[in-house]
Structure formats: structure tokens, C-alpha cells
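Structure at a glance
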Amino acid sequence: MERKELEAKVLELVAASYKKDVSELSMSTSFKEDLAGASVQMVALVAEIENELDATLMLADASACATISELVDLVEEEL
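The residue numbering used here restarts from 1 in each chain and proceeds along that chain's sequence as written. In keeping with the model being predicted, local features are shown solely for residues with a pLDDT of at least 70 and side-chain atom pairs are shown and tallied solely at 80 or more, while totals for entire chains, interfaces and linings include all residues. Only hydrogens and water are set aside when side-chain values are computed; all heavy atoms of the structure are taken into account.

Some thoughts on the pattern of salt bridges
- Any Lys or Arg side-chain nitrogen found within 4 Å of a carboxyl oxygen on Asp or Glu counts as a salt bridge. Under the definition given, this model contains six salt bridges.
- Its salt-bridge partner being Glu7, residue Arg3 comes within 2.9 Å of it at the nearest N-O pair. Of this pair, Arg3 and Glu7 both sit in helix H1 (residues 3-17), separated by four residues, roughly a single helical turn.
- Of the charged contacts, one joins Glu52 and Lys9 as a salt bridge, the two residues approaching to 3.1 Å between their closest N and O atoms. Here the residue Glu52 occupies a position in helix H3 (residues 39-53), and Lys9 occupies one in helix H1, the gap between them amounting to 43 residues. Labels follow the DSSP assignment, with helices taken as runs of H or I lasting at least four residues and strands as runs of E lasting at least two, numbered in each case from the N terminus.

Looking at helix H5 (residues 68-78)
- Burial here depends on accessible area, computed with a 1.4 Å probe over protein chains only, as a share of the maximum for the residue type. Under 20% is buried, over 50% is exposed, and the range in between is partly exposed. Those residues of H5 lying buried are Ile68, Leu71, Val72, Leu74 and Val75. Here the buried residues of H5 occupy an arc of 160 degrees about the axis, which is enough to place them on one side.
- Any two residues whose heavy atoms approach within 4.5 Å at even a single point are treated as in contact. For H5, the elements touching its buried residues are H1, helix H2 (31-35), H3 and helix H4 (59-63). What the arc describes is the spread of directions from the helix axis to the C-beta atoms.

If you want it as C-alpha cells, here you go:
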């Protein structure tokens, strides 16, 4: 999967998990400042990424990502 495709898919999954519109998100969107999500949303996001992209992520690693871009980097390493 190309990086741009992966970015688009992760943005779509983040939008769904955090109940945002994809147009509100970018690679620099911060999970803590911009999304202020609960840990349960990150759990749901990791589960969705694993289901959709067939990548195995550790929740702790995903939770340590500050931005969507960092999460995409992590997913890319696992594919």
C-alpha cells in the first residue's frame, strides 16, 4: 500500500473512531490537543486498524503517538 493510500485510510479510521469529519483532520492533528480523545477511542481505533489493514499494533505504541502522522508511521512499520 502506498503511503498516500495508507494516510487516507488511517485518517478515515481516526475520523470514525473520534466521530470527526475527515476534512477536520490532517497528518499533523494531535490526539491530545486536537482530538482530546478518551483511551477507549484509541482502543477502538487500534482494533479498526488491525481489522482493516491487517497490521498488529500494540496499544501502548499507538497511544504514544502524538499525531496522526506518527500513527501512520507506526502502521507502516507493521505492514
